[in-house]
Amino acid sequence: MTLSAIKSELQKATTIAFQLPNGELVAPHFHVTEVGKITKHFIDCGGTIRNDEVANFQLWEAQDYDHRLHPEKLLNIIELSEQKLGIADLEIEVEYQMKDSIGKFGLEFDGTHFQLTSKITNCLAPDHCGIPENKMPHVGQWKAKATSCCTPDSGCC
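Residues numbered from 1 in each chain as written. Predicted model: local features only at pLDDT ≥ 70, side-chain atom pairs only at ≥ 80, totals over all residues. Heavy atoms only, no water.

Asker: Teacher, can you tell me more about the packing of aromatic side chains here?
Answerer: For any pair of aromatic rings, the description rests on two quantities: the centre-to-centre distance and the angle between the ring planes. Scanning the entire structure with this criterion turns up three aromatic pairs. Ring centres of Phe-18 and Phe-30 lie 5.2 Å apart, and the angle between their planes is 90°; on these two criteria the pair is classed as edge-to-face. Of this pair, Phe-18 sits in strand β1 (residues 18–19) while Phe-30 sits in strand β2 (residues 30–43); the two residues are twelve residues apart in sequence, bridging distant segments of the chain. Among the residues examined, Phe-30 registers a relative accessible area of 2% and is labelled buried. Here the aromatic residues Phe-18, Phe-30, Phe-109 and Phe-114 are joined through ring pairs into a cluster of three or more. The side chain of Lys-40 reaches across the aromatic face of Phe-42, ending 4.8 Å from its centre. (Phe/Tyr/Trp six-rings, centres within 6.5 Å; stacked < 30°, edge-to-face > 60°. Helix = DSSP H or I, 4+ residues; strand = E, 2+ residues; numbered from the N terminus. Buried < 20%, exposed > 50% of the residue type's maximum accessible area, 1.4 Å probe, protein only. Lys NZ or Arg CZ within 6 Å of the ring centre and 35° of its normal.)

In structure tokens form, the structure reads like this:
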């Protein structure tokens with residue numbers, strides 16, 4: 001979802017709800033503590049230099065049960081960020097505090113809730129990395145290690 005798409009949905013909304021990939025809703029007393037632009041400048045395993053930019057929202061829950069973020073307030077925060085930070089109509093990435101670490105999610109809208117969607121890693125240069133396509137791992141195909149440490153004959157490295 002892009003900034004223009006969320007702004008369009010916020011203009012029609014009366015409330016805001018974010019839903020995690022497991023179906024749970026983010027607590028209704030969440031705050032959007034940051035709206036920004038993240039730039040990633042990197043080189044892939046094939047030697048190609050790449051740039052990636054996303055608009056970033058950080059969702060945060062406090063023990064502040066008396067306040068709720070209303071659509072017009074989030075719309076104002078987004079528009080201020082666009083003006084002051086020069087953010088273009090970028091795809092949105094959402095950060096949310098999970099149990100042990102910050103989770104990063106994509107964002108979609110299902111007509112009722114803003115859906116935090118799972119993000120995955122991928123090889124960007126499969127023709128250069130030497131792993132045959134039929135051996136490239138896919139989500140859900142990783143095998144759990146049998147022990148907590150590797151041994152030379154374990155096949156884990």
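There is more to say after this.
Asker: I tried to follow the nonpolar core on my own but got confused; where do I start?
Answerer: Across soluble globular proteins, nonpolar side chains have a tendency to be buried as a group. With 27 residues, the main nonpolar core has Ile-6, Phe-18, Leu-59, Ile-92, Leu-107 and Leu-116 as its most contacted residues. Only α1 (3–12), β2, β3 (49–61), α2 (71–85), β4 (92–97), β5 (102–109) and β6 (114–118) provide two or more residues apiece to this core. When neighbours within four sequence positions are excluded, Ile-92 is seen to be in contact with Met-1, Thr-2, Leu-3, Ile-6, Ala-55, Phe-57, Phe-105, Gly-106 and Leu-107. (Core = buried A, V, L, I, M, F, W, Y, C linked by side-chain atoms within 4.5 Å. Contact = heavy atoms within 4.5 Å.)

Asker: What is the right way to look at the environment of Ile-102 in this model?
Answerer: Relative to the helices and strands, Ile-102 resides in strand β5. Beyond its immediate sequence surroundings of up to four residues, Ile-102 is in contact with Glu-95, Tyr-96 and Gln-97.

Asker: Honestly, the pattern of salt bridges in this entry has me stumped. Any pointers?
Answerer: Should their charged atoms come close, side chains of opposite charge can pair. Applying the stated rule across the entire model yields six salt bridges. For Lys-12, the salt bridge identified is with Glu-9, shortest N-O distance 3.6 Å. Of the two residues, Lys-12 and Glu-9 both sit in helix α1, three residues apart, roughly one turn of that helix. Here Glu-53 ties to Lys-37 by a salt bridge, and the two come within 3.9 Å at their closest N and O atoms. Of the two residues, Glu-53 sits in strand β3 while Lys-37 sits in strand β2, which places them 16 residues apart along the sequence. With a relative accessible area of 36%, Glu-53 lands in the partly exposed category. Residue classification places Lys-37 among the partly exposed residues on the basis of a relative accessible area of 38%. Several salt bridges share partner residues, and in doing so they unite Glu-93, Lys-104 and Lys-119 into one network. (Salt bridge = Lys/Arg side-chain N within 4 Å of Asp/Glu carboxyl O.)

Asker: Quick question: what am I supposed to make of the environment of Lys-40 here?
Answerer: Its location among the elements puts Lys-40 in strand β2. Residue Lys-40 is classed as partly exposed on the basis of its relative accessible area of 47%. Each C-alpha atom, one on Lys-40 and one on Asn-51, is 5.6 Å from the other, the two residues being eleven residues apart in sequence.

Asker: Where do I start with the sheet that holds β5 in this structure?
Answerer: Across a sheet, paired strands are connected by hydrogen bonds in the backbone, their directions being either parallel or antiparallel. Spatially, six strands are ordered β1-β6-β5-β4-β3-β2 in an open sheet, and the strand pairing comes out mixed. Either end of the sheet is taken by a strand with one partner, and the two such strands are β1 and β2. In the packing of α2 onto the sheet, contacts are made with β2 and β3, and the angle to β2 comes to roughly 35°. (Pairing = 2+ DSSP bridges. Axes fitted to C-alpha atoms, helices over the stretch in contact; angles between N-to-C directions.)

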